Amino acid sequence: MKTILAGAALAAVAVAIPVASDAAQIHGSGSATKAAPTALASVNMEAVLKAAQIDPRRADDTLTPGAKSSVLAVEQALQAKGLLDKKWVDGYFGTTTVKAYTEFQKSIGYKGLAANGVPGKSSLAKLGDKRFTVNHALTPGARVTFRGATVNTRTKAMLVKTEQLLGRKLVLEQGSYNPGGDPTSAGTHDGGGVVDISVKGLDAKGKNTLVRTLRTVGFAAWSRTPSQGDWPFHVHAAAINDPDLSSQAQHQTGDYYLGKNGLANGAKDDGPKVNPIQTWEEFQRQS
Ligand SMILES: [Zn+2]
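- As annotated in an unreviewed UniProt entry, the chain is Peptidoglycan-binding protein from Luteipulveratus mongoliensis.

As structure tokens, then:
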């Protein structure tokens, strides 16, 4: 008897609180019946993006430095939506979390690149509704034409800075958002953040300087040779942390962090090292 009464009382409270809370929000009355707000977790989008590129490529379960609490908050939100099993809620943005994030993006009607498993500003805000706030948010920006190729405004700014540091203009051989445009690129140019740059007239030192400068401003960049694939000499560059990266390009930026060459053979990075590896946003804060 006592138990039944207690249960009924609890049920009444459970119903009453949301009603009072909604009313308070709608009318902005700020009445005493409004539920006390709990502090929301804080998610660093830059850190989550980095983990989403690197963690799926790791051979072990090392966490991406500085990303744990943010990734955990994202994973807890995915778990709450029934998209991620509890055992994967661990601060490691591995392939299972990428898949769960893709499912979340699809569940809110996102398609194609917008459902690439990498958190974008708007999907992250939707996932974090009433759960977490987002700091260090970034967007790829609109698609524009730069040096005859399609890139987004974030990539364009990175290339402009590269030109400034080099003291010359770049010649782009392929831009971004080019699905199926070049079968030899294996899908890396399907999304945003990726360009091929001409090395015509450059000697080994010139190519090295180009790659190092691209890396300095936040690209994963490599000098490619005809011996590596069905392509001429060129430099391939993928903008780290671009939310529009195709999944193949995400793998390349992740591999770059892990000291690899970004090709299917997973060989050692053959380019000039920049230390520490930096994103465009990190480069801007530092310079
Ligand atoms: Zn390329």
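Considerations on the overall build of the chain
Phase 1 of the analysis: Helix and strand content of the chain: nine helices and eight strands.
Phase 2 of the analysis: Across the 287 residues of the chain, 39% fall into the buried class.

Comments concerning the sheet that holds strand S6 (residues 194-197)
Phase 1 of the analysis: Across the sheet, which stays open at both edges, the four strands sit in the order S5-S6-S8-S7 with antiparallel pairing between neighbours. Of all strands in the sheet, those with a lone pairing partner are strand S5 (172-174) and strand S7 (219-224), marking the two edges. Within this sheet the neighbouring strands show an average axis-to-axis angle of 30°, counted without direction.
Phase 2 of the analysis: Of the strand pairs in this sheet, S7 and strand S8 (residues 234-239) are connected by six bridges, and their pairing is antiparallel. For Phe-219, the partnering residue across the bridge sits in S8 and is Ala-239.

So, the packing of helix H2 (residues 45-54) against helix H3 (residues 68-80)
Phase 1 of the analysis: In contact at an axis separation of 8 Å, H2 and H3 are set at 80° when each is read in the N-to-C sense. Taken as axis vectors, H2 and H3 run roughly perpendicular relative to one another. Contacts from Ala-47, Val-48 and Ala-51 of H2 reach H3 at Ser-70, Val-71 and Val-74.

Digging into helix H7 (residues 204-217)
Phase 1 of the analysis: With 14 residues, H7 should reach 20 Å at 1.5 Å per residue; the first-to-last C-alpha distance of 20 Å fits that figure.
Phase 2 of the analysis: By the burial criterion, the buried members of H7 are Lys-207, Leu-210, Val-211, Thr-213, Leu-214, Arg-215 and Val-217.
Phase 3 of the analysis: Elements that come into contact with the buried residues of H7 comprise helix H6 (153-166), S6, S7, S8 and helix H9 (280-286).
Phase 4 of the analysis: Positive phi appears at Gly-218, one or two residues downstream of H7, with a value of about 115°.

With respect to the environment of Leu-159
Phase 1 of the analysis: Examined against the element boundaries, Leu-159 turns out to sit in helix H6.
Phase 2 of the analysis: Leu-159 gets classed as buried once you count the C-beta atoms within 10 Å, which come to 24.
Phase 3 of the analysis: If we skip the residues at most four places from it in the chain, Leu-159 touches Phe-146 and Leu-170.

Topic: H3
Phase 1 of the analysis: The end-to-end C-alpha distance of H3, which contains 13 residues, comes to 18 Å, matching closely the 18 Å that a straight helix rising 1.5 Å per residue would cover.
Phase 2 of the analysis: Among the residues of H3, those classed as buried are Ser-70, Val-71, Ala-73, Val-74, Glu-75, Ala-77 and Leu-78.
Phase 3 of the analysis: On its buried face, H3 sits against strand S1 (41-44), H2, helix H4 (95-107), helix H5 (121-127) and strand S2 (132-135).
Phase 4 of the analysis: Phi turns positive one or two residues past the end of H3, at Gly-82, with a value near 75°.

Description of the nonpolar core
Across soluble globular proteins, you tend to see nonpolar side chains buried next to one another.
Phase 1 of the analysis: The biggest cluster of nonpolar side chains holds 53 residues, and the ones touching the most others in it are Val-48, Phe-219, Val-235 and Ala-237.
Phase 2 of the analysis: Tallying contributions element by element places H2 first for this core, with seven residues.
Phase 3 of the analysis: Mapped onto the domain boundaries, this core takes at least three residues apiece from domain 2 (41-135) and domain 3 (143-286).
Phase 4 of the analysis: In this structure, Val-48 is in contact with Val-43, Ala-67, Ser-70, Val-71, Val-74, Phe-93 and Pro-119, ignoring residues within four places of it in sequence.

Overview of unusual backbone geometry
Phase 1 of the analysis: Along the chain, Asn-275 connects to Pro-276 via a cis peptide bond; the corresponding omega equals 0°.
Phase 2 of the analysis: For Pro-276, the location among the structural elements is in the loop between helix H8 (247-257) and H9.
Phase 3 of the analysis: Of note, Lys-130 is a non-glycine position whose phi angle comes to about 65°, a positive value.
Phase 4 of the analysis: Mapped onto the elements, Lys-130 comes out in the loop between H5 and S2.
Phase 5 of the analysis: Residue classification places Lys-130 among the exposed residues on the basis of 8 C-beta atoms within 10 Å.

Quick word on the pairing of S6
Phase 1 of the analysis: Taking every second residue as pointing to the same face, both faces of S6 are buried, with Val-194 and Asp-196 on one and Val-195 and Ile-197 on the other.
Phase 2 of the analysis: The pairing of S5 with S6 spans two bridges and is antiparallel. Paired with Gln-174 across the bridge in S6 is Asp-196.
Phase 3 of the analysis: Bridge count for S6 against S8 is four bridges, and the pairing is antiparallel.

Quick notes on the environment of Phe-219
Phase 1 of the analysis: Turning to its location among the elements, Phe-219 is positioned in strand S7.
Phase 2 of the analysis: The sequence separation of Phe-219 and Val-195 amounts to 24 residues, and the corresponding C-alpha distance is 9.9 Å.
Phase 3 of the analysis: Apart from the residues within four sequence positions on either side, Phe-219 is in contact with Met-158, Leu-214, Ala-237, Ala-238, Ala-239 and Ile-240.

Remarks on the confidence of the model for the chain
Phase 1 of the analysis: For the chain, per-residue confidence averages 89 on the pLDDT scale, and 87% of positions sit at 70 or higher.
Phase 2 of the analysis: Here residues 1-32 is modelled with pLDDT under 50, and outside its nearest four sequence neighbours on either side it reaches 10 contacts, counting other chains as well.

What counts and how
- Residues numbered from 1 in each chain as written.
- Predicted model: local features only at pLDDT ≥ 70, side-chain atom pairs only at ≥ 80, totals over all residues.
- Helix = DSSP H or I, 4+ residues; strand = E, 2+ residues; numbered from the N terminus.
- Buried ≥ 20, exposed ≤ 12 C-beta atoms within 10 Å, placed from the backbone.
- Pairing = 2+ DSSP bridges.
- Axes fitted to C-alpha atoms, helices over the stretch in contact; angles between N-to-C directions.
- Parallel < 35°, antiparallel > 145°, perpendicular 65-115°, else oblique.
- Contact = placed C-beta atoms within 7 Å.
- Expected span 1.5 Å × (residues − 1).
- Core = buried A, V, L, I, M, F, W, Y, C linked by C-beta atoms within 7 Å.
- Domains from an automatic or database assignment.
- pLDDT = per-residue confidence, 0-100.

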